[in-house]
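Analysis of the macromolecular model
Now for the letters of each chain:
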Amino acid sequence: MEEDDKSMKKSIKSRILCFGVAFSLLFAQASVESYAANSTTSKSNTATSSSTSTTTKSSTTTSGSTSKTTTTTTTTTTTKNKVGTKTWKTQKIVKEFKRNGNKIYGEIYRPVGDGKFPGIVICHGFNSNCGYAREFAQYLATKGVVAYIFDFIGGGTNVKSGGNTTDMSVLTEAQDFNVVFNGIRSLSYVDETRMFVMGESQGGYVATYIAGTRPKDIKGLIALYPAYNLGGDYTWMLQWGLIPEKMNFLGMTVGRKYFEDLSKVDIYKTMANFTGKTVIIHGTADYLVPISGSEQAVKTMKNAKLVKVQGGEHGFGVNSTVRTEAYNLIKELSNK
């Protein structure tokens, strides 16, 4: 009996060790970008439509008196600006939202002009921040796209949003994404029928989850080295107590909720609901998030393509390939 107990303890310790190694490989980032965001909030120019008002007066004589009937006809036309047809002056606006009392910090980069523009919401990966996509957001604005970058609640050790990292999971990040997505698409200068989503690593997982859960609201999806291999059944680990309430890892502390929520999602089943155009960009030498997950994704989604970055590892950010592929997708679908 004593030997059986020792054997069981040894087995459990072995599983804990394996889990730790797997977890390390899963989430290690090539680098964590820090940034200092401009805290100055600019006022936006919200003029988006031109109206013409025509007044027609008619005179009717009744028993020697004249009564005037005034009819006003208002015609409103809203211009749907195309992407890439000119270079726009741009404006940065610090735009924050809230969810459950926690601040969601974000930045809008917008073209300054009348009419409506397509919009894109861009999210960061595990223990990163919105700074990775700032330059790309600025670039998109010059081309006629309203781009919003933001920090997830509890999404990293260097974010400007509120919340604790121990309360963060892919599902809480999806809730954050829905809040900001709804806010951006409702802006007077954004065309809600031309909305795109983009994300890197875990953010690519979340952006894909959003596309699959609200496919009618999203025109196109861009996923950079998406961590589709996050998904899995962690139930047995939770039952055996192999995942503690809190776990310190790579300078960031996560909680049991992280794994509890991952167990609730079948990302491949979810992504299959999205029939819009998708581009996935993944490095062939990504040892943290194997490209095989993206290869399976393009077989699962009806309208997806995989762009392979030869020799690319995890966390290459918005490089020239990403910039070209993402911009071309937005331009193509926005200008139809």
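Residues numbered from 1 in each chain as written. Predicted model: local features only at pLDDT ≥ 70, side-chain atom pairs only at ≥ 80, totals over all residues. Heavy atoms only, no water.

**With respect to the overall build of the protein chain**
When its secondary structure is counted, the protein chain shows nine helices and 14 strands. Counting across all 336 residues of the protein chain, residues that qualify as buried make up 49%. Total accessible area computed for the protein chain in this model is approximately 15,900 Å², and 47% of it derives from carbon and sulfur atoms. (Helix = DSSP H or I, 4+ residues; strand = E, 2+ residues; numbered from the N terminus. Buried < 20%, exposed > 50% of the residue type's maximum accessible area, 1.4 Å probe, protein only. Areas by Shrake-Rupley, 256 points an atom, 1.4 Å probe, with all protein chains shown as cover.)

**Side note on the sheet that holds strand β6 (residues 106–111)**
Reading across from one edge, β3-β6-β8-β7-β9-β10-β13-β14 is the order of the eight strands in this open sheet, with mixed pairing throughout. Sheet topology places β3 (90–94) and β14 (304–309) at the edges, where each strand pairs with a single neighbour. Averaged over all pairs of adjacent strands, the angle between strand axes in this sheet comes to 15°, irrespective of strand direction. Sheet topology places β3 next to β6; five bridges connect them, and they run antiparallel. Opposite Ile93, over in β6, you have Ile108 as the bridge partner. Strands β6, β7 (117–123), β8 (146–150) and β9 (190–200) of the sheet are contacted by helix α3 (residues 170–185), whose axis makes an angle of about 150° with β9. (Pairing = 2+ DSSP bridges. Axes fitted to C-alpha atoms, helices over the stretch in contact; angles between N-to-C directions. Contact = heavy atoms within 4.5 Å.)

**A word on the side chain of Ser161**
Tracing the backbone shows Ser161 in the loop between β8 and α3. Using a relative accessible area of 10% as the deciding quantity, one classes Ser161 as buried. A polar atom in the side chain of Ser161 sits 2.8 Å from the backbone nitrogen of Tyr105. Side-chain polar atoms of Ser161 contact the backbone oxygen of Asp151, separated by 2.5 Å. Not counting the four nearest positions on each side in its chain, Ser161 is found in contact with Lys103, Ile104, Tyr105, Asp151, Phe152 and Ile153. (Polar contact = N/O pair within 3.5 Å; in protein donor to acceptor, adjacent residues only side chain to side chain.)

**A short note on the pairing of β8**
Walk down a regular strand and you will see the side chains alternate between the two sheet faces. A large share of β8 lies buried, amounting to five of its five residues. Along β8, one buried face is formed by Val146, Tyr148 and Phe150 and the opposite face, lined by Ala147 and Ile149, is buried too. Relative to β8, β6 runs antiparallel, the two sharing four bridges. If you follow Tyr109 over to β8, its bridge partner there is Ala147.

**What to know about the packing of aromatic side chains**
Evaluated as defined, the whole model comprises 11 aromatic pairs. Each ring, one from Phe136 and one from Tyr139, has its centre 6.3 Å from the other, and the planes form 25°; the classification is stacked. Highlighted residues: Phe136 and Tyr139, both in helix α2 (residues 134–143), separated by three residues, approximately one helical turn. Residue Phe136 is classed as buried on the basis of its relative accessible area of 2%. Owing to a relative accessible area of 18%, Tyr139 belongs among the buried residues under this scheme. With centroids separated by 5.9 Å and ring planes inclined at 85°, the aromatic side chains of Phe150 and Phe177 adopt a geometry described as edge-to-face. Of this pair, Phe150 sits in strand β8 while Phe177 sits in helix α3, and the two are 27 residues apart along the sequence. The exposure class of Phe150 is buried, given its relative accessible area of 0%. Positioned over the ring face of Trp88 is Lys86, at 4.1 Å from the centre of the ring. (Phe/Tyr/Trp six-rings, centres within 6.5 Å; stacked < 30°, edge-to-face > 60°. Lys NZ or Arg CZ within 6 Å of the ring centre and 35° of its normal.)

**Quick look at the packing of α3 against helix α4 (residues 202–213)**
Running from N to C, α3 and α4 cross one another at 65°; their axes reach a closest spacing of 9 Å. Seen along the crossing, α3 lies across α4 with a hand that is right-handed. On the side of α3, the interface is formed by Val170, Leu171, Glu173, Ala174, Phe177 and Asn178, while α4 contributes Gln202, Tyr205, Val206, Ala207, Tyr209 and Ile210. Looking at side-chain class alone, the contact of α3 with α4 contains nine nonpolar, two polar and one charged residues. (Left-handed = near helix turned anticlockwise from the far one by under 90°. Nonpolar A, V, L, I, M, F, W, Y, C, P; charged D, E, K, R; others polar.)

**Some points on the nonpolar core**
Formed by 59 residues in total, the largest nonpolar core has its most connected members in Val121, Phe150, Phe177, Ile184 and Tyr228. A total of seven residues in this core trace back to one element, the largest contributor, which is α3. Residues contacting Val121, with those up to four places away along its chain left out, are Tyr148, Phe150, Phe177, Val180, Phe181, Ile184, Met195, Phe196, Val197 and Met198. By size, the runner-up hydrophobic cluster in this structure holds 30 residues, among which are Tyr139, Val279, Val307 and Ile330. (Core = buried A, V, L, I, M, F, W, Y, C linked by side-chain atoms within 4.5 Å.)

**Brief notes about the pattern of salt bridges**
Within the structure shown, the criterion is met by 14 salt bridges. With its nearest N and O atoms 3.9 Å apart, the salt bridge here joins Glu96 to Lys103. Assessed through its relative accessible area of 32%, Lys103 is described here as partly exposed. (Salt bridge = Lys/Arg side-chain N within 4 Å of Asp/Glu carboxyl O.)

Any functional reading would require information that these geometric values do not contain.
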